[in-house]
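What follows is the residue order along each chain.
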Amino acid sequence: MNTNFRIGYGYDAHAFAPDRKLILGGIEVPHTQGLLGHSDADVLLHAIADALLGAAALGDIGQHFPDKDPSYKNIDSTILLKRTADLLASHHYAIGNIDATIRLQRPKIASYIPQMRQRIASVLGLGIEQVSIKATTTEHMGFEGREEGASASAVALIYA
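As the structure is a computational prediction, the values presented were derived from the model and not from experiment.

With respect to the pairing of strand E5 (residues 94-103)
Then comes step 1: Judged by how many residues are buried, E5 sits mostly within the fold: 7 of 10 residues are covered.
Then comes step 2: In terms of strand pairing, E5 meets strand E6 (residues 131-136) through 6 bridges, oriented parallel. Counted as the bridge partner of Ala-100 is Ile-133 from E6.
Then comes step 3: Crossover connection from E5 via helix H4 (residues 113-124) to parallel E6: handedness right-handed.

Here's the deal with the packing of aromatic side chains
Then comes step 1: Enumeration over the complete set of coordinates arrives at 2 aromatic pairs.
Then comes step 2: On the numbers, 5.6 Å between centres and 80° between planes, the contact of Phe-65 with Tyr-72 is edge-to-face. Judged on exposure class, the residue Phe-65 and its partner Tyr-72 are both buried.

A closer look at the environment of Leu-44
Then comes step 1: Tracing the backbone through its elements, the reader meets Leu-44 in helix H1 (residues 43-55).
Then comes step 2: The sequence separation of Leu-44 and Thr-84 amounts to 40 residues, and the corresponding C-alpha distance is 14 Å.
Then comes step 3: Discounting chain neighbours no more than four positions away, the residues touching Leu-44 are Gly-25, Ala-100, Ile-102, Met-116, Ile-120, Ile-133 and Ala-152.

A word on H4
Then comes step 1: The end-to-end C-alpha separation of H4 is 16 Å, in line with the 16 Å expected for 12 residues at 1.5 Å each.
Then comes step 2: For H4, the complete set of buried residues consists of Ile-113, Met-116, Ile-120, Ala-121, Val-123 and Leu-124. Angularly, the buried residues of H4 cover 165° about the axis, an arc narrow enough to put them on a single face.
Then comes step 3: On its buried face, H4 sits against strand E2 (23-24), strand E3 (27-28), H1, helix H3 (77-90), E5 and E6.
Then comes step 4: Gly-125 lies just past H4 and shows a positive phi near 70°.

Quick look at the environment of Ala-57
Then comes step 1: Summarising the element assignment, Ala-57 is placed in the loop between H1 and helix H2 (61-64).
Then comes step 2: Spatially, the C-alpha atoms of Ala-57 and Gln-105 are 33 Å apart, while their sequence positions differ by 48 residues.

Concerning the packing of H3 against H4
Then comes step 1: It is at 9 Å that the axes of H3 and H4 come closest, and there the two elements cross at 45°. The orientation of H3 relative to H4 falls into the category oblique. Note that H3 runs across H4; the crossing there is right-handed. On H4, the residues touching Thr-78, Leu-81, Lys-82 and Ala-85 of H3 are Arg-119, Ile-120, Val-123 and Leu-124.
Then comes step 2: The residue inventory of the contact of H3 with H4, partitioned by class, reads 5 nonpolar, 1 polar and 2 charged.

Rules behind the numbers
- Residues numbered from 1 in each chain as written.
- Predicted model: local features only at pLDDT ≥ 70, side-chain atom pairs only at ≥ 80, totals over all residues.
- Heavy atoms only, no water.
- Buried < 20%, exposed > 50% of the residue type's maximum accessible area, 1.4 Å probe, protein only.
- Helix = DSSP H or I, 4+ residues; strand = E, 2+ residues; numbered from the N terminus.
- Pairing = 2+ DSSP bridges.
- Right-handed = clockwise from strand over helix to strand, strands pointing away.
- Phe/Tyr/Trp six-rings, centres within 6.5 Å; stacked < 30°, edge-to-face > 60°.
- Contact = heavy atoms within 4.5 Å.
- Expected span 1.5 Å × (residues − 1).
- Arc of directions from axis to C-beta.
- Axes fitted to C-alpha atoms, helices over the stretch in contact; angles between N-to-C directions.
- Parallel < 35°, antiparallel > 145°, perpendicular 65-115°, else oblique.
- Left-handed = near helix turned anticlockwise from the far one by under 90°.
- Nonpolar A, V, L, I, M, F, W, Y, C, P; charged D, E, K, R; others polar.

Shown next as structure tokens:
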């Protein structure tokens, strides 16, 4: 039995900004604003990438994909997630599962979660049953509740 299991935790937050698409979980979600960031600002994929990198003790997405590097300007975060998975594979790790939560007041995203799960599973080469995504509001508290931005957290299990 394989006992070389490792877990990692990731978190990301971005402010809302006009004239940007809202990208969450690798898909576009209709909304009046998007998230501000150097890349497409997909908080969910960034949190997942950080959880995977943390589990393998390989740093964080800022280390591997710095926002000072112009090659990452407006990049699709599914590319960053795929590169993260490839990095883990090069260190002989496989992904067991991912569990993530998105926090935002609006828009309501429950109906988009199945598509997000499928997109993430596809990018990582996983079964959809290995990817869990939940969404919650903050009951109008904090920056998410004031509709100033969104955040996401994720945990990941990897094994060698």
